[in-house]
Amino acid sequence: MTQKPISQNNGQYTTPPKTTGKSRVDYVDLLKGITILWVIWIHSDHPDFGNFRMPVFFFASGIFFKLSDPKSFFTKRWYSFIIPFLFFYIASIPFEWMIDLWDYRTLDAFDWNRIMSLFSNDGLLINPPLWFLLVLFFIQSLSYVVFRLNKSIIWILCIASLFFHEELLGLPCHFMIKKGLAYFGYFGLGYLIGKPMIKLMCNLKRKTMVFIATLAVLFISILYLDNGLPDYHFMIERIKQIAFTLSFMTFFSFFDGVKWLGFLRFYGKESLIVLGTHQWFLIPIRRVVFKFIQIHNPIIGFFMAALTAVILYPVIKFLNKKIPVFVGKRKNIEKGRLKISPA
């Protein structure tokens, strides 16, 4: 899609990124869209590609983080994270019953302690992907305090989070806290360099240079790790993940505003609902497919993931229309009319 240049800088035309709503950048939605579809792929019992998806998600979440007064800040997080989490978690309990009934033809084997895994140190046993909502709530609550500090201190804390990532994941505390501390570095980097990156990507020459540079760092780090060279505190692994995130984001900026990628844009905007509901459909699809085919391979995995995404489309539309407050949307009264807007 061709955009008209709005200014010229050293022979390079500069265009603003397409926005798709309040505080949205089009290619960030594309980035989130491909990543959430990637999550569905992983959950179809197929291998991950380098464990990049979590750094991408947390980095993208940090880009548009804003500080505000305490009431507004935590009210927004209540609607954005806690209410959707409780809705998807509670709604998933009868789903787990049905899966147990499917597998064992009885509910006697159902472990009721799974419901209480919400309070455990290890993670959720009911709709496990929902851990991301609790962790993001914790990270943003922590950031509400930390991001008021001097920027150099924020940088130090982000680097410390990345450096001690494995140690933080091993802390004997609630999974929300230890995962939040471990992934804080990626979120903080999104906050620190995300918006400057967006401004940088308005210039085609600079955007191309960033893409080539981050891609080079990515390939060098992959070669380094593949040759079995020492990786102190897994920092080369962290550099690889950050380089992938930045190159991935830059890559999608070349497709800013492209209409035929509307499906990615849609799932990117609705990534919270996809996260909370995809297992309701993917798990039955996976069991039916395996019952008849009894094999797993990438082609079958792609089919299951694609079918799940297609089924989710009307489900997302329905939930947004009928129960928006429960799925991360807020109802605002504006000039006497009911308006549904993103949280």
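Residues numbered from 1 in each chain as written. Predicted model: local features only at pLDDT ≥ 70, side-chain atom pairs only at ≥ 80, totals over all residues. Heavy atoms only, no water.

(A) Region of the structure containing the overall build of the protein chain. When you go through the protein chain residue by residue, the secondary structure sums to 12 helices and four strands. Entry remark: accessible area of the protein chain is about 17,800 Å², with carbon and sulfur atoms responsible for 67%. (Helix = DSSP H or I, 4+ residues; strand = E, 2+ residues; numbered from the N terminus. Areas by Shrake-Rupley, 256 points an atom, 1.4 Å probe, with all protein chains shown as cover.)

(B) Here's a closer look at the packing of helix H1 (residues 26-42) against helix H12 (residues 298-322). Closest axis-to-axis distance for the H1/H12 pair is 9 Å, and the angle between their directions is 125°. Overall, the two elements H1 and H12 adopt an arrangement that is oblique. Here H1 runs over H12; the crossing is right-handed. Across the interface between the two elements, Leu37, Ile40 and Trp41 of H1 pack against Pro298, Gly301, Phe302, Ala305, Thr308, Ala309 and Leu312 of H12. Tallied by class, residues from the contact of H1 with H12 come to eight nonpolar, two polar and no charged. (Axes fitted to C-alpha atoms, helices over the stretch in contact; angles between N-to-C directions. Parallel < 35°, antiparallel > 145°, perpendicular 65-115°, else oblique. Left-handed = near helix turned anticlockwise from the far one by under 90°. Contact = heavy atoms within 4.5 Å. Nonpolar A, V, L, I, M, F, W, Y, C, P; charged D, E, K, R; others polar.)

(C) Highlighting the pattern of salt bridges. What the rule picks out here adds up to six salt bridges. For the salt bridge of Asp26 with Arg265, the shortest nitrogen-to-oxygen distance reads 2.3 Å. With Asp26 in helix H1 and Arg265 in helix H10 (residues 262-269), this pair connects stretches of sequence that are 239 residues apart. Arg238 is the salt-bridge partner of Glu166, the closest N and O atoms lying 2.9 Å from each other. (Salt bridge = Lys/Arg side-chain N within 4 Å of Asp/Glu carboxyl O.)

(D) Geometry of the confidence of the model for the protein chain. Across the protein chain, pLDDT averages 88, with 89% of residues at or above 70. Of the regions scoring below 50 in pLDDT, residues 1-14 engages in 29 contacts with residues more than four places distant in sequence or in other chains. The low-confidence segment residues 332-343, where pLDDT is below 50, has 22 contacts with residues more than four positions distant or belonging to other chains. (pLDDT = per-residue confidence, 0-100.)

(E) Region of the structure containing unusual backbone geometry. Positive phi outside glycine occurs at His233, with the angle close to 55°. Note that His233 resides in the loop between helix H8 (204-226) and helix H9 (235-253). Unlike most non-glycine residues, Phe234 shows phi in positive territory, near 60°.

(F) Up close: the packing of aromatic side chains. This structure, assessed with the given rule, holds 34 aromatic pairs. Both rings, one in Phe58 and one in Tyr183, keep their centres 4.9 Å apart while their planes meet at 20°; by these two values the pair is stacked. Of this pair, Phe58 sits in helix H2 (residues 53-63) while Tyr183 sits in helix H7 (residues 175-200); the two residues are 125 residues apart in sequence, bridging distant segments of the chain. Here Phe58 matches Tyr183 in class, with each residue buried. (Phe/Tyr/Trp six-rings, centres within 6.5 Å; stacked < 30°, edge-to-face > 60°. Buried < 20%, exposed > 50% of the residue type's maximum accessible area, 1.4 Å probe, protein only.)

(G) Spatial organisation of a positive patch on the surface. Taken together, the side chains of Lys66, Lys76, Lys195 and Lys199 define a basic patch exposed on the protein surface. Secondary-structure assignment places Lys66 in the loop between H2 and helix H3 (70-104). (Patch = residues over 30% accessible without salt bridge, like charges linked within 9 Å, V, L, I, M, F, W, Y side chains within 5 Å. Lys, Arg positive; Asp, Glu negative; His and termini not counted. Charge placed at Lys NZ, Arg CZ, Asp CG, Glu CD.)

(H) Region of the structure containing H2. In terms of burial, H2 is largely enclosed, as 11 of its 11 residues are buried. Turning to H2, its buried residues number three or more, namely Arg53, Met54, Pro55, Val56, Phe57, Phe58, Phe59, Ala60, Ser61, Gly62 and Ile63. Elements in contact with the buried residues of H2: H1, helix H4 (131-146), H7, H9 and helix H11 (271-293).

(I) Region of interest: H8. Here H8 contains 23 residues, and its C-alpha end-to-end distance of 33 Å stays within 8% of the 33 Å for a straight helix at 1.5 Å per residue. Residues of H8 that are buried: Lys207, Val210, Phe211, Thr214, Leu218 and Ser221. In this structure, the buried side of H8 is in contact with H7 and H9. Where H8 begins, the capping side chain belongs to Asn203, and its oxygen is found 3.1 Å from the backbone nitrogen of Lys205. Note on H8: the residue one or two positions beyond its end, Gly228, has a positive phi of about 70°. (Expected span 1.5 Å × (residues − 1). Polar contact = N/O pair within 3.5 Å; in protein donor to acceptor, adjacent residues only side chain to side chain.)

(J) Geometry of the side chain of Thr214. Its place among the elements puts Thr214 in helix H8. Look at Thr214 and you get buried, because its relative accessible area is 10%. Among the polar contacts listed, one links the side chain of Thr214 to the backbone oxygen of Phe211, at a separation of 3.1 Å. Setting aside anything within four residues of it in sequence, one finds Thr214 in contact with Ala243, Leu246 and Ser247.

(K) Layout of the environment of Leu86. Counting through the fold element by element, Leu86 comes out in helix H3. Remark: the alpha-carbon pair of Leu86 and Phe326, spanning 240 residues in sequence, is separated by 8.4 Å.

(L) Structural detail: a nonpolar patch on the surface. Together, Trp102, Val288, Phe292, Ile293 and Ile295 give the surface a local cluster of nonpolar side chains, amounting to about 490 Å² of exposed area. Ranked by residue count, the leading element in the nonpolar patch is H11, at three residues. Given the relative accessible area of 34%, Val288 is considered partly exposed.

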